Amino acid sequence: LLVGLPEPSPLRGLVQFFRGTALAGAERIPEARAAILESIRLLPDYSTPLFVAAELYVFSNEPGVAVDYLLRASRIDPQIAEQLDDYEANSLLRRLGEANDKRRAILLSERLLKTGWSKGRPETISTMAVKVLEARVDEGDVAGAAEMVPRIVSPRDFARLLTEKKFAALRPTSIRLPTAPRM
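Residues numbered from 1 in each chain as written. Predicted model: local features only at pLDDT ≥ 70, side-chain atom pairs only at ≥ 80, totals over all residues. Heavy atoms only, no water.

Q: How should the overall build of the protein chain be read in this particular structure?
A: The helix and strand tally for the protein chain stands at 9 helices and 0 strands. Secondary structure elements of the protein chain, listed N to C terminal, follow the sequence α-α-α-α-α-α-α-α-α. Relative to the compact-globule value of 16 Å for 183 residues, the protein chain shows a C-alpha radius of gyration of 21 Å, a clear excess of over 25%. C-alpha atoms of the protein chain, sized along the principal axes, occupy 80 × 25 × 25 Å. Here the protein chain holds 183 residues, and 44% of them are scored as buried. Taking the intrachain contacts of the protein chain between residues at least 6 apart in sequence as the baseline, contacts between residues at least 24 apart amount to 54%. For the protein chain, the accessible surface area stands at approximately 10,700 Å², while carbon and sulfur atoms represent 57% of it. (Helix = DSSP H or I, 4+ residues; strand = E, 2+ residues; numbered from the N terminus. Rg over C-alpha atoms; globule rule 2.2 N^0.38 Å. Buried < 20%, exposed > 50% of the residue type's maximum accessible area, 1.4 Å probe, protein only. Contact = heavy atoms within 4.5 Å. Areas by Shrake-Rupley, 256 points an atom, 1.4 Å probe, with all protein chains shown as cover.)

Q: Please explain the pattern of salt bridges as it appears in this structure.
A: A pair can form between side chains of opposite charge whenever their charged atoms are brought close. According to the stated counting rule, one finds 15 salt bridges in the structure shown. E147 is the salt-bridge partner of R136, the closest N and O atoms lying 3.5 Å from each other. Taken as a pair, R136 in helix α7 (residues 122-138) and E147 in the loop between α8 (142-146) and α9 (155-163) lie far apart in primary sequence, 11 residues in all. For R136, a relative accessible area of 12% gives the class buried. Each of the salt bridges in this network shares a partner with another, and the network as a whole consists of E134, D138, R160, E164 and K166. (Salt bridge = Lys/Arg side-chain N within 4 Å of Asp/Glu carboxyl O.)

Q: So what exactly am I meant to see when it comes to the environment of P172 here?
A: Positionally, P172 belongs in the segment after α9. Separated by 159 residues in sequence, P172 and G13 have C-alpha atoms that sit 54 Å apart.

Q: Would you mind going over helix α6 (residues 102-115) with me for this structure?
A: An α-helix turns once every 3.6 residues. As a result, residues three or four positions apart point the same way. Between its terminal C-alpha atoms α6 stretches 20 Å, which fits the 20 Å expected from 14 residues at 1.5 Å a residue. Those residues of α6 not exposed but buried are R104, A105, I106, L108, S109, R111, L112, L113 and T115. Considering only its buried residues, α6 is in contact with α4 (63-76), α5 (86-98) and α7. Two residues or fewer after α6 comes G116, characterised by a positive phi angle close to 80°. (Expected span 1.5 Å × (residues − 1).)

Q: I keep staring at the packing of α5 against α6 and nothing clicks. Help me out?
A: The angle between the axes and the distance between the axes are what describe a pair of packed helices. Relative to each other, α5 and α6 sit at 155°, their axes nearing to 9 Å. Between α5 and α6, the angle falls in the class roughly antiparallel. Along the contact surface, α5 presents A89, L92, L93 and L96, while α6 presents R104, A105, L108, S109 and L112. Of the residues assigned to the contact of α5 with α6, the class counts are 7 nonpolar, 1 polar and 1 charged. (Axes fitted to C-alpha atoms, helices over the stretch in contact; angles between N-to-C directions. Parallel < 35°, antiparallel > 145°, perpendicular 65-115°, else oblique. Nonpolar A, V, L, I, M, F, W, Y, C, P; charged D, E, K, R; others polar.)

Q: In this structure, what is going on with the nonpolar core? I would like to understand it.
A: If you look at the biggest cluster of nonpolar residues, it comprises 44 residues, and the most contacted ones within it are L108, L112, W117 and L133. Where this core is concerned, the elements lending two or more residues are α1 (10-25), α2 (29-42), α3 (47-59), α4, α5, α6 and α7. Broken down by element, the residue count for this core peaks at 8 residues, all from α3. Residues contacting L112, with those up to four places away along its chain left out, are A81, L84, A89, W117 and M128. (Core = buried A, V, L, I, M, F, W, Y, C linked by side-chain atoms within 4.5 Å.)

Q: Whenever I open this one, unusual backbone geometry confuses me. Can you help?
A: With glycine set apart, most residues show a phi of negative sign, and most peptide bonds adopt trans. Unlike most non-glycine residues, E27 shows phi in positive territory, near 60°. Looking at the element boundaries, E27 is found in the loop between α1 and α2. Taking relative accessible area as the criterion, E27 reaches 68% and is therefore assigned exposed. At N61, a position not held by glycine, the phi torsion is positive, near 60°. Mapping N61 onto the fold places it in the loop between α3 and α4.

None of this, on its own, says anything about what the molecule does.
As structure tokens, this is what we get:
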């Protein structure tokens, strides 16, 4: 089919997409990646090739690039995030943490929460919400941070909100935590 489609076109992009997924299934990752990247170039408004690219980069242990493709795909089609299960999301977040890529971890968490991603366990959602909340507090966006509070279900995460000074602006004024006497 590719021989008959030598010029760049959406049809060639579609053929490359199917070729890339077949090559990935055969574990011929470098060839699959090349086919999918051409598909992305030829089908820039389609989310599925971007999602497949994200998967290929995850399996190649390049979580930052994988997240970049996943974020692009979810901007085109927010529902594509539903294809990501809890294990995959946690794996991406863990790998980003290992790579010390806090920015992408926050972007991924924020995007999944914004799309209404429903595949996460409550603990995962809570952890992502705290990441986003903390980033917003650090940026001085208390109102934006407060939007994340209802998503926090982990007692450990909630305890941080009640005890750490940096989160004081998020606490209701009716709650007064006891203070230790001064010596």
